[in-house]
Amino acid sequence: AAGHERDVLPQCKGERTVKLPDRLVMPAMVNAHAHLDLTLIGPMGFTGSFLDWLRNVVERRPGTPEQIAHAVRQGLKMSAQAGVGTIGDIAGTVAAVAARLDAAAESDGLATPGGVSFLECFGIGRRQLSGYLELVSRLGSVPRRRRDDGAGAVHLGIEPHAPYSAGLSLYNAAGRLAAERDLRLCTHLAESPEELEFVHDASGPFAELLRDLGKWDDLIRPTGMHPVEWLEPELRRGGWLAAHCNYVDE
């Protein structure tokens, strides 16, 4: 109950009174975009190169299911301590989803933040079909121990990674799959100038990275568009949570 002391205290039976005049009671905060499985990497410096930073993250991310579970649990604990009650988490692996669901199932719905666990998927150019098939396969191996009720509810979602790592057909297929299975949708969008250059001209650091990784092919072409314009047909279908959006105009 909330209100004046004279109204609230009569409703309390045998409770103690704690005076906190310098505190603020507020609803739990929402972290709309987290990477819980990267918690143990900790803060990293930025040298000015987004790709160098990205490579550093990839190199340092946990690899075993045990390490991933530990990172997810630690991230949830730190979030709860900071007053976060709902998290949209990007899960790089099924192990990260499982760890999140396990934590929710073991809690009373109050201590562990609820929200969504978005399973990541990749596939650009000729790799879009294989990326989609891999996503479907990984969804099939997600544990069925879901908690979908109460304050600690955790829902399942999917996340085509970004316009420089997922093609439009993969976005479309992911959107349709989400609608069929009642899954949430998320993507990184307009995060960096390099992303804008890649989508518009099919050039720049991300193009070089795809070539270095052996993932470049002739279906990856310039669009002449901003990433938001390029993805607009899918975004207009609704239901998307777009993360970052650092480089957008009116």
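First, a word on what this report is: a plain description of the structure on this page. (Residues numbered from 1 in each chain as written. Predicted model: local features only at pLDDT ≥ 70, side-chain atom pairs only at ≥ 80, totals over all residues. Heavy atoms only, no water.)

Some details on a negative patch on the surface
Okay, so step 1: Residues E197, D201, E208 and D212 make up a contiguous surface patch of negative charge.
Okay, so step 2: When you line up the elements, E197 lands in helix α7 (residues 193–201).
Okay, so step 3: Taking relative accessible area as the criterion, E197 reaches 31% and is therefore assigned partly exposed. (Patch = residues over 30% accessible without salt bridge, like charges linked within 9 Å, V, L, I, M, F, W, Y side chains within 5 Å. Areas by Shrake-Rupley, 256 points an atom, 1.4 Å probe, with all protein chains shown as cover. Salt bridge = Lys/Arg side-chain N within 4 Å of Asp/Glu carboxyl O. Lys, Arg positive; Asp, Glu negative; His and termini not counted. Charge placed at Lys NZ, Arg CZ, Asp CG, Glu CD. Helix = DSSP H or I, 4+ residues; strand = E, 2+ residues; numbered from the N terminus. Buried < 20%, exposed > 50% of the residue type's maximum accessible area, 1.4 Å probe, protein only.)

Quick word on the packing of aromatic side chains
Aromatic ring pairs are defined here through the distance separating the ring centres and the angle between the ring planes.
Okay, so step 1: Scanning all chains against the criterion turns up 6 aromatic pairs.
Okay, so step 2: A ring pair is formed by Y164 and F206, whose centres lie 3.7 Å apart and whose planes are at 10 degrees; its orientation type is stacked. Here Y164, found in the loop between β4 (154–160) and α6 (168–181), pairs with F206, found in helix α8 (residues 205–212); they are 42 residues apart in sequence, far enough to count as distant. Each member of the pair, Y164 as well as F206, carries the same accessibility label: buried.
Okay, so step 3: With centroids separated by 5.7 Å and ring planes inclined at 50 degrees, the aromatic side chains of Y171 and W240 adopt a geometry described as tilted. Taken together, the residues Y171 in helix α6 and W240 in strand β6 (residues 240–244) connect sequence positions 69 residues apart.
Okay, so step 4: What makes Y171 buried here is its relative accessible area of 0%.
Okay, so step 5: A network of ring pairs unites the aromatic residues F50, W53, Y164 and F206 as a single cluster. (Phe/Tyr/Trp six-rings, centres within 6.5 Å; stacked < 30°, edge-to-face > 60°.)

Focus: α7
Okay, so step 1: Taken together, the buried positions of α7 are E194, E195, F198 and V199. Taken around the axis of α7, the buried residues stretch over an arc of 130 degrees, which confines them to a single face.
Okay, so step 2: On the buried face of α7, the contacting elements are α2 (50–60), β5 (184–189), α8 and α9 (227–235).
Okay, so step 3: A202 sits one or two residues past α7 and shows a positive phi near 55 degrees. (Arc of directions from axis to C-beta. Contact = heavy atoms within 4.5 Å.)

Let's talk about the nonpolar core
Side chains of a nonpolar character, in soluble globular proteins, are inclined to be buried together.
Okay, so step 1: By size, the foremost hydrophobic cluster in this structure holds 48 residues, and its most contacted members are L139, I158 and F198.
Okay, so step 2: Here the element with the most residues in this core is helix α4 (residues 94–106); it accounts for 7 residues.
Okay, so step 3: In this view, L139 contacts L119, L156, I158, L177, R181 and L183; residues no more than four positions away in its chain are not counted. (Core = buried A, V, L, I, M, F, W, Y, C linked by side-chain atoms within 4.5 Å.)

A short note on the sheet that holds strand β2 (residues 84–91)
Adjacent strands of a sheet form backbone hydrogen bonds with each other and so pair up, either parallel or antiparallel.
Okay, so step 1: Strand order in the open sheet made by the 6 strands is β1-β2-β3-β4-β5-β6, with parallel pairing throughout. Each edge of the sheet is formed by a strand with only one pairing partner; in this case those strands are β1 (29–34) and β6. Sheet twist, expressed as the mean angle between neighbouring strand axes with direction ignored, is 25 degrees.
Okay, so step 2: Where β2 meets strand β3 (residues 114–121), 6 bridges bridge the pair, whose relative direction is parallel. Bridge pairing in β3 places I87 opposite G115. (Pairing = 2+ DSSP bridges. Axes fitted to C-alpha atoms, helices over the stretch in contact; angles between N-to-C directions.)

What to know about the side chain of E234
Okay, so step 1: By the element assignment, E234 lies in helix α9.
Okay, so step 2: For E234, a relative accessible area of 5% gives the class buried.
Okay, so step 3: Within the local environment of E234, its side chain forms a polar contact with the side chain of N172, the two groups lying 3.1 Å apart.
Okay, so step 4: Separated by 3.0 Å, the side chains of E234 and R237 make a polar contact.
Okay, so step 5: For E234, the contacting residues outside a window of four places in its chain are L168, Y171, N172 and W240. (Polar contact = N/O pair within 3.5 Å; in protein donor to acceptor, adjacent residues only side chain to side chain.)

Points about a nonpolar patch on the surface
Okay, so step 1: Together, L24, M26 and M29 give the surface a local cluster of nonpolar side chains, amounting to about 340 Å² of exposed area.
Okay, so step 2: Looking at where M29 falls in the secondary structure, it is placed in strand β1.

Quick look at the side chain of E191
Okay, so step 1: If you trace the backbone, E191 turns up in the loop between β5 and α7.
Okay, so step 2: Put simply, E191 is tucked away with no salt bridge, and the nearest opposite charge, on R61, sits 12 Å away.
Okay, so step 3: If we skip the residues at most four places from it in the chain, E191 touches F50, Y164, H244, N246 and Y247.

A few points about helix α5 (residues 128–140)
Okay, so step 1: For α5, spanning 13 residues, the distance from its first C-alpha to its last is 19 Å, which sits close to the expected 18 Å at 1.5 Å a residue.
Okay, so step 2: Restricting attention to buried positions, one finds in α5 the residues Q128, G131, L135, R138 and L139. Looking down the long axis of α5, one finds its buried residues gathered within 100 degrees of arc, a one-sided arrangement. Opposite the buried face of α5, by more than 90 degrees, sit the exposed residues L129, L133, S137 and G140.
Okay, so step 3: On its buried side, α5 packs onto α4, β3, β4 and α6. (Expected span 1.5 Å × (residues − 1).)

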